[in-house]
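Below are the chains, spelled out letter by letter.
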Amino acid sequence: MPELPEVETVRRSLAPALEGRRFAHVTQRRPDLRFPLPERFAARLKGRRVSRLERRAKYILVHLDATPKAAEEVLIMHLGMSGRFTIHEANGASAPGRFHRGMPGAERHDHIVFDMEGGTRIVYADHRRFGFMDLVPEAALTACTHLAGIGPEPLGNEFSGPVLAERLAGRRAPIKAALLDQRTVAGLGNIYVCEALFRAGLSPRRIAATVATPLRSTRLAAAIRDVLEEAIVAGGSTLRDYAHTDGELGYFQHSFAVYGREAEACSKPRCGGTVARIVQSGRSTFFCSSCQR
DNA sequence: CGGGACTCCTGCCAGC
DNA sequence: TGCTGGCAGGAGTCCC
């Protein structure tokens, strides 16, 4: 399940294959992913030159140059939970590990194929089809339905304890739910919320507004930033469906302190607690009730 | 408007 | 061995 570190890892590996290049041909193998693809999606991309790739929250933004007929546009891509890109270079060397998980017939889920000038082929596969793509005018990007209202980037300069405190003030939801809400902070998902709350020593059940103190919000903001930065360095986490564009796996999952560790001893020195699993708003939450308060 | 429940989809795995 | 049911979860929609 790609969260910010996984999406950032994908963005970085796609960038050299896309930036400065044109789409020679785009093959759309079904009319929709999670949502219908835009009208004439493949035709509108053909011939367009990519200026740069950017990430916002869990979205990859592919900026397209203007043409005589069209203004600058942005291809918005969201991986959902099982979206995966693989890059196949023109020399015939296809990405190793394409079917590394022994997925017979996986090509059934290859929904979009981007052929770039120069011969590089980028395949988007998404067997659960929770991902989606959209094409919007550059001028309308920040106001578009996907991005409007999304909170600050946790790795950006605009994110800090006071900023987080302001966004949690008055919120009656559990802090776990508030952090999963992309309007609070951009890019967090179930895993990194659990890990950040553990590092900050805060209970996931705590009412969000009670975290809006200088001490707690500063501690939590730092924990969020630290865990995301460490995960990016590790190439993200690989669970179930996520893999890099070359089929390689991230390895941050080995660094999880609580996620997926139900009934294990808390890793905090001298804590002595046990990792518990509870369900909050239909999602598993892992935490140590001994040192997370 | 905030918050929670429900929904989409498919693969995988535990349990019978 | 083969089937079934539960689970995984990002984010949109709907309802209170």
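Heads up: the structure comes first, above all this text.
These numbers were taken from a predicted model, which means no experiment stands behind them. (Residues numbered from 1 in each chain as written. Chains lettered and ligands numbered in written order. Predicted model: local features only at pLDDT ≥ 70, side-chain atom pairs only at ≥ 80, totals over all residues. Heavy atoms only, no water.)

1. A look at the sheet that holds strand β6 (residues 110-116)
Stated formally: A pair of strands is considered paired only if DSSP assigns at least 2 bridges between the two. Starting at the N terminus, helices and strands are each numbered in turn, a helix being any DSSP run of H or I of at least four residues and a strand any DSSP run of E of at least two. Between the N-to-C directions of two axes lies an angle of 0 to 180 degrees, each axis being a line fitted to C-alpha atoms and, for a helix, fitted only over the stretch in contact. Any two residues whose heavy atoms approach within 4.5 Å at even a single point are treated as in contact.
The sheet built from four strands is open, its strands ordered β1-β6-β7-β5 with antiparallel pairing. Because the sheet does not close on itself, it has two edges, and the strands there are β1 (23-28) and β5 (83-88). If you compare each strand with its neighbour and ignore which way they point, the axes differ by 15° on average. Where helix α1 (residues 4-18) meets the sheet, its contacts fall on β1, β5, β6 and β7 (121-126), and the angle it forms with β5 comes to roughly 35°.

2. Some details on the protein's contact with DNA strand B
Note the cut-off: Distances are taken per atom, and a residue is near a molecule or strand as soon as one of its heavy atoms is within 4 Å of it. Pairing of N or O atoms within 3.5 Å defines a polar contact, subject to two protein rules: one partner must be a possible hydrogen donor and the other a possible acceptor, and residues neighboring in sequence count only if both atoms are side-chain atoms. For this classification, Asp, Glu, Lys and Arg are treated as charged, while Ala, Val, Leu, Ile, Met, Phe, Trp, Tyr, Cys and Pro are nonpolar and the rest, including Gly, are polar.
Around DNA strand B, the surrounding shell consists of Arg34, Arg108, His109, His127, Arg128, Arg129, Phe130, Arg171, Arg172, Ala173, Pro174 and Ser281. Protein-proximal atoms of DNA strand B, defined as those within 4 Å of the protein, fall in sugar or phosphate at a share of 71%. Side-chain polar atom of Arg129 to a phosphate oxygen of DNA strand B: 3.0 Å apart, as the coordinates give it. For DNA strand B, a phosphate oxygen lies 3.0 Å from a polar atom in the backbone of Ala173. Its residues assigned to classes, the surface near DNA strand B shows three nonpolar, three polar and six charged.

3. So, the sheet that holds strand β2 (residues 50-56)
Strands sit in the order β2-β3-β4-β8 across an open sheet of four strands; the sheet is antiparallel. On the outer flanks of this sheet lie β2 and β8 (132-137), each paired with one strand and no other. Sheet twist, expressed as the average angle between the axes of neighbouring strands with direction ignored, equals 20°.

4. Regarding the packing of aromatic side chains
Worth spelling out the cut-off: Each pair of aromatic rings taken from Phe, Tyr and Trp, with Trp reduced to its six-membered ring, is defined by centres within 6.5 Å and is described as stacked if the planes are under 30 degrees apart, edge-to-face if over 60, and tilted in the remaining cases.
In this structure the tally under the stated criterion is eight aromatic pairs. The interplanar angle of 45° and the centroid separation of 5.6 Å between the aromatic rings of Phe23 and Phe114 together place this pair among those described as tilted. Of this pair, Phe23 sits in strand β1 while Phe114 sits in strand β6; the two residues are 91 residues apart in sequence, bridging distant segments of the chain. Three or more aromatic residues link up through ring pairs in this structure, and these residues are Tyr192, Phe252, Phe256, Tyr259 and Phe286.

By themselves, these observations are geometric and do not establish any function.
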